Amino acid sequence: MKHLLLSALLLTTVLISAEAMAATVNVTLTAREVDLPIDNAGHTQRMWTYDGTIPGPLIRVTQGDTINFTLKSDSANKESHSIDFHAGRFDVMDEFAPIKPGTTRKFSYKVDYPGVWIYHCGSDSMAEHISRGMYGALIVDPKEGYTKDFPKPDREYVLMQGDLFQNDATAKERTAGLKWEGVLINGKKFHYDPVHDQNAEIMLESKPGERVRIYYLNAMISEWSSFHPIAGIWDRVWDNGNPKNMRYGMQTVSVPPADGIIADIVSPSDRSTANAIVDHDMHHALNGGITILMNSNDADPKKGHGDELILR
Ligand SMILES: [Cu+2]
């Protein structure tokens, strides 16, 4: 009897401490329709966003946390907007329903599955709302933390790939793939590629031999991505970013629309090298979907850490 009581007491303590470690995280996103530069030369388009950026703010929590979420819609907006979090389970008619300009919706949910998840607008037409930039990334770190099969990276970057259509493309044209202009990487064509765009100023950076973790999300509305590091190999890939879904030594990984993966690359440690991280579908690569990763000893120590996972 005494033994049973003790076990019950121990179990309760364990449950309470696991619960106590889980955090409640407040997240507010504001839907905003704004003019944004869509390339490194500064050409702008009318885009629809969360918080005025493409992608929207990076949200990062730990498995088991609760997100207290607020969606606001700027009163200057013309459209109704909504949120669709892939990282949770909801009622599509309730939490995901659109809200009018100047209004607010709140809901809470617990994140049960680790990984890298898309959030996006689900308002009609979804094709137009997503292809005008209404998407972002949510990283849910596993509650076990780093393990042998999910080692700690030296740097981390988020790359989110979306479509660019001509500004006047209607929802119907976007859905049909008409008036397609190219690929946006974190909001700009050839954002991190000075090789193909002389106006590009930023690149991903690491030191030789570092483990660089890429959180890659495909926000294109209808097209698959063929994700490949030119002059490199994906050391490990985790489908959906879940540590249980590991693959080794991959050359190219298929990422469907509205999916995400984690892919690690480790450069040679004895020399400086560069990689071109591409969507190897040439239609995508040569229209904006190339990112340079420089591996050299003068890598900026801040890049790939803290607030610099999405380079803006
Ligand atoms: Cu929207």
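These numbers were taken from a predicted model, which means no experiment stands behind them.

Criteria and thresholds
Residue numbers run consecutively from 1 along every chain, following the written order of its sequence. Per-residue local features are limited, in this predicted model, to residues with pLDDT of at least 70; the limit for side-chain atom pairs, both in listing and counting, is 80 or more; totals at the level of whole chains, interfaces and linings are taken over all residues. Helix and strand assignments come from DSSP, with helices taken as H or I runs of at least 4 residues and strands as E runs of at least 2, each series counted from the N terminus. Each residue is classified by how many other C-beta atoms fall within 10 Å of its C-beta atom, where C-beta atoms are placed from the backbone; a count of 20 or more means buried, 12 or fewer means exposed, and values in between mean partly exposed. We call two residues in contact when their backbone-placed C-beta atoms lie within 7 Å. Pairing between strands is defined by DSSP: at least two bridges between the two strands are required. An axis is simply a line fitted to the C-alpha atoms; with a helix, the fit covers only the stretch in contact. Between two such axes, the angle follows the N-to-C directions and lies from 0 to 180 degrees. Domain boundaries shown here were taken from an automatic or database domain assignment. Gly is placed with the polar residues, together with every amino acid not listed as nonpolar (Ala, Val, Leu, Ile, Met, Phe, Trp, Tyr, Cys and Pro) or charged (Asp, Glu, Lys and Arg).

**Quick notes on the overall build of the protein chain**
Point 1. Assigned secondary structure in the protein chain consists of four helices and 19 strands.
Point 2. In terms of its C-alpha atoms, the protein chain occupies a principal-axis envelope of roughly 75 × 55 × 30 Å.
Point 3. Out of the 312 residues belonging to the protein chain, those deemed buried represent 41%.
Point 4. In the protein chain, the proportion of contacts linking residues at least 24 apart, taken out of those at least 6 apart, comes to 72%.

**Examining the sheet that holds strand 18 (residues 273-279)**
Point 1. As summarised here, the arrangement of the five strands in space is 11-19-18-13-16, forming an open sheet in which the pairing is mixed. A strand with exactly one partner marks an edge of an open sheet, and here the two such strands are strand 11 (204-206) and strand 16 (253-255). Going from strand to strand, the sheet's axes swing by 20° on average, the running direction of each strand aside.
Point 2. Relative to strand 19 (residues 290-295), strand 18 is paired through six bridges, and the arrangement is antiparallel. Among the inter-strand pairings, Val-278 is bridged to a residue of strand 19, identified as Ile-290.

**Things to note about the domain arrangement of the protein chain**
Point 1. Domain boundaries in the protein chain define domain 1 (24-141) and domain 2 (155-295).
Point 2. When each unit is reduced to the centre of its C-alpha atoms, the spacing between domain 1 and domain 2 is 21 Å.
Point 3. Counting from both sides, the interface comprises 28 residues of domain 1 and, opposite them, 32 residues of domain 2.
Point 4. Among the elements that make up the side of domain 1 that touches domain 2, the one with the highest residue count is strand 7 (residues 115-120) (five residues).
Point 5. Of the residues in the side of domain 1 that touches domain 2, the class split is 17 nonpolar, eight polar and three charged.

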